[in-house]
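Notes for the structure review
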Amino acid sequence: MTVEAGPATVSAGVRRIGGRTFDFDRQVAVMAVVNRTPDSFSDHGVNFALDHAVASALRAAELGADWVDVGGVPFGRGPAVSVAEEIDRVVPVVEAIAASDAGVVISVDTNSAAVAEAAIAAGAGVINDTSGLGDPRMAGVVAASDAHVVITHSVGPPRAEKPAARFDDVVGEVRAFLLERAARAEDAGVPRDRIIIDPGHDLDKNTLHSLEITRRLPELATCGYPLLVAVSNKDFIGESIDRPQGERQAGSLAAMVACILAGARIVRMHDVAETVDAVRMTEAILGWRQPVRLEHNTHPTHNV
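Calculation notes
- Residues numbered from 1 in each chain as written.
- Predicted model: local features only at pLDDT ≥ 70, side-chain atom pairs only at ≥ 80, totals over all residues.
- Heavy atoms only, no water.
- Helix = DSSP H or I, 4+ residues; strand = E, 2+ residues; numbered from the N terminus.
- Core = buried A, V, L, I, M, F, W, Y, C linked by side-chain atoms within 4.5 Å.
- Buried < 20%, exposed > 50% of the residue type's maximum accessible area, 1.4 Å probe, protein only.
- Contact = heavy atoms within 4.5 Å.
- Phe/Tyr/Trp six-rings, centres within 6.5 Å; stacked < 30°, edge-to-face > 60°.
- Lys NZ or Arg CZ within 6 Å of the ring centre and 35° of its normal.
- Polar contact = N/O pair within 3.5 Å; in protein donor to acceptor, adjacent residues only side chain to side chain.
- pLDDT = per-residue confidence, 0-100.
- Salt bridge = Lys/Arg side-chain N within 4 Å of Asp/Glu carboxyl O.
- Expected span 1.5 Å × (residues − 1).
- Arc of directions from axis to C-beta.

A few words now on the environment of W288. With respect to the element layout, W288 can be found in the segment after α10 (272–285). C-alpha separation for the pair W288 and D25, spaced 263 residues apart in sequence, amounts to 8.4 Å.

This next bit is on the nonpolar core. Counting residues in hydrophobic clusters, the biggest one holds 73 residues, and the most contacted among them are L217, V231, M256 and V267. Counting residues per element, this core draws most heavily on helix α5 (residues 170–187), at 7 residues. Contacts of V231, omitting those with residues within four sequence positions, involve H201, F236, I237, S252, A255, M256, C259, R268 and M269. Counting 13 residues, the second-largest nonpolar core is a separate cluster that includes M31, V150, I196 and I266.

On to the packing of aromatic side chains. Summed over all chains, the structure comprises 2 aromatic pairs. A network of ring pairs unites the aromatic residues F22, F24 and W67 as a single cluster. Note that R192 overlies the ring of Y225, its terminal NZ or CZ placed 4.3 Å from the centroid.

In this section: helix α3 (residues 113–122). For α3, every residue scored as buried is listed here: A113, V115, A116, A119, I120 and A122. Among the structural elements, α2 (83–99), β5 (105–109), β6 (126–129) and α4 (138–143) are those in contact with the buried residues of α3. Sitting at the amino-terminal end of α3 is S112, which places a side-chain oxygen 3.3 Å from the backbone nitrogen of A114. G123 sits one or two positions beyond α3 and adopts a positive phi of about 125 degrees.

For the rest of this paragraph, the subject is the side chain of H153. Along the chain, the position of H153 falls in the loop between β7 (148–152) and α5. With relative accessibility at 3%, the residue H153 sits in the buried group. At 2.9 Å, the side chain of H153 and the side chain of K205 are in polar contact. When neighbours within four sequence positions are excluded, H153 is seen to be in contact with F167, V174, F177, L178, D198, P199, G200, L203 and K205.

Here we take up the confidence of the model for the chain. Of all residues in the chain, 93% have pLDDT values of 70 or greater, and the mean over the chain is 92. pLDDT under 50 marks residues 1–10. Its contacts with residues more than four places away, or in other chains, come to 25 contacts.

By the element assignment, V94 lies in helix α2. When the C-alpha atoms of V94 and A143 are compared, they prove to be 20 Å apart, with 49 residues separating the residues in sequence. Other than its neighbours up to four places away in sequence, V94 contacts I106, V108, A119, A122, G123 and A124.

Turning our attention to the pattern of salt bridges. Here the idea is simple: oppositely charged side chains can pair when their charged atoms come close. Applying the stated criterion across every chain, the model contains 19 salt bridges. Between R59 and E62 there is a salt bridge, and its shortest N-O distance comes to 3.2 Å. Remark: E62 and R59 occur in helix α1 (residues 50–62); sequence separation between them is 3 residues, near one turn of the helix. The exposure class assigned to E62 is exposed, which follows from its relative accessible area of 61%. The salt bridge partner of R166 is D168, with a shortest N-O separation of 3.1 Å. Both residues of the pair, R166 and D168, count as exposed. Residues participating in the shared-partner salt-bridge network are R20, D66, R280, E283 and R289.

The next thing to look at is α1. Relative to the 18 Å expected for 13 residues at 1.5 Å per residue, α1 spans 19 Å between its end C-alpha atoms, a close match to the ideal helical length. Buried residues of α1: A53, V54, A57, A60 and A61, and no others. Each buried residue of α1 lies within a common arc of 125 degrees when the element is viewed along its axis, so the set occupies one face. In α1, the exposed positions that point more than 90 degrees away from the buried face belong to D51 and E62. Considering only its buried residues, α1 is in contact with β3 (29–35), β4 (67–71), α2 and α10. Among the residues trailing α1, G64 stands out with phi positive, at a value near 110 degrees.

Next up, the structure:
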């Protein structure tokens, strides 16, 4: 398969992911976020209660999300969460979604192979690993299942203090990292068509790095794997337009559309209804989706 740069041609083809079929030549998958943590920046802990987390996941499906990503560990700094606690937070949500008729792909955002194993057994079809296979057992766990894995670029262990971000060529280094980790997954037995890549906007990168990744995203889209971007509410958006958390929706949607035009085919976003509208409109502009109806200036008379 030849993969070329450009909004209409960058593709990883048709993929069967978590029970759903996606044609990435003509489709973008919308991934909603449900973090079952007491201190999530996006929902301020509302989804920490199990019933709230499940309700949020099912509501996202009703609003048109194709995918729900469940997490049990806060992003960035925060109290350590044991593997047992992470499993207790994540698995019941996965089980409830899997038992429903929501019909969404279920992924679990974890860096732990043990959590991944429990989540897959509960019904998760994707492991979203923001450490890029940092756990040496992760690739083997995925290989032993039918699940997909998202390999994300990051530097060093997650949730650990690091020096200021520095890259000689951020896109070149991210690309090399993703290809090396994808090869590592394949060597462990994960089929190529079950690998997804994510450049990791903001993960161990400063705002200039994340902006450059966004501008040069076609260089990553040509790797031949479906490309996921997680740009919603990120600090590079807040710093670019001087907006605090909670006021970054417009900037997030703009960044998301730019990424789609550059080759992203899975978008991980918080504001589901607004995201679905923006994605479907982008698909219509690209000629991938027909309008729901045609009325304006289509009548025999009375057109204005």
